[in-house]
Amino acid sequence: MRLDLAAAFPLPKPAGEAYLTEAVAPWPCSTYLRIRVGDAEVAMPVEQAASVLSALGMLAAAGEVALR
């Protein structure tokens, strides 16, 4: 999934990518959410990503309310 981050803050590149990865092994492995913009990358297990994304959504909603 492409992410348009041009309006968010100055970055080396105005767009990034978000994708899921999982190691290939004969045992269960965690799935990771990875976000890459230019050479910078953030990765976290999807179990943690859901709560982080939820918190960011609540902050964004509060910011929109404050602008009204």
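Residues numbered from 1 in each chain as written. Predicted model: local features only at pLDDT ≥ 70, side-chain atom pairs only at ≥ 80, totals over all residues. Heavy atoms only, no water.

Participant: Sorry if this is basic, but what is going on with the overall build of the protein here?
Facilitator: Helices and strands together make up the secondary structure of the protein, namely one helix and four strands. Written out in order from the N terminus, the α and β elements of the protein read β-β-β-β-α. Counting across all 68 residues of the protein, residues that qualify as buried make up 12%. Here the contacts in the protein between residues at least 6 apart in sequence split such that 9% fall between residues at least 24 apart. (Helix = DSSP H or I, 4+ residues; strand = E, 2+ residues; numbered from the N terminus. Buried < 20%, exposed > 50% of the residue type's maximum accessible area, 1.4 Å probe, protein only. Contact = heavy atoms within 4.5 Å.)

Participant: Mind showing me how you'd approach a nonpolar patch on the surface here?
Facilitator: On the surface, a nonpolar cluster with roughly 380 Å² of combined accessible area is contributed by V52, L53, L56 and L59. Tracing the backbone shows L53 in helix 1 (residues 46-67). With relative accessibility at 46%, the residue L53 sits in the partly exposed group. (Patch = residues over 30% accessible without salt bridge, like charges linked within 9 Å, V, L, I, M, F, W, Y side chains within 5 Å. Areas by Shrake-Rupley, 256 points an atom, 1.4 Å probe, with all protein chains shown as cover. Salt bridge = Lys/Arg side-chain N within 4 Å of Asp/Glu carboxyl O.)

Participant: It is not clear to me how the pairing of strand 3 (residues 31-37) should be interpreted in this structure. Could you clarify?
Facilitator: Working note: regular strand, side chains alternate between the two faces of the sheet. Bridge count for strand 2 (residues 15-22) against strand 3 is six bridges, and the pairing is antiparallel. In the strand pairing of strand 3, A18 is matched with I35. In this sheet, strand 4 (residues 40-45) lies alongside strand 3 in antiparallel orientation, the contact comprising six bridges. Looking at strand 4, one finds that L33 is bridged to M44. (Pairing = 2+ DSSP bridges.)

Participant: Please clarify how the environment of E47 should be interpreted in this entry.
Facilitator: With respect to the helices and strands, the residue E47 is situated in helix 1. For the pair E47 and L33, spaced 14 residues apart in sequence, the C-alpha separation works out to 9.3 Å.

Participant: How should the pattern of salt bridges be read in this particular structure?
Facilitator: A pair can form between side chains of opposite charge whenever their charged atoms are brought close. Following the criterion strictly, the structure yields two salt bridges and no others. Close ionic contact of R34 with E41 constitutes a salt bridge, the shortest N to O distance being 3.2 Å. R34 gets classed as partly exposed once you look at its relative accessible area, which sits at 24%. The partner of R36 in a salt bridge is E41, with the nearest N and O atoms 4.0 Å apart. If you follow the salt bridges from partner to partner, you end up with R34, R36 and E41 in one network.

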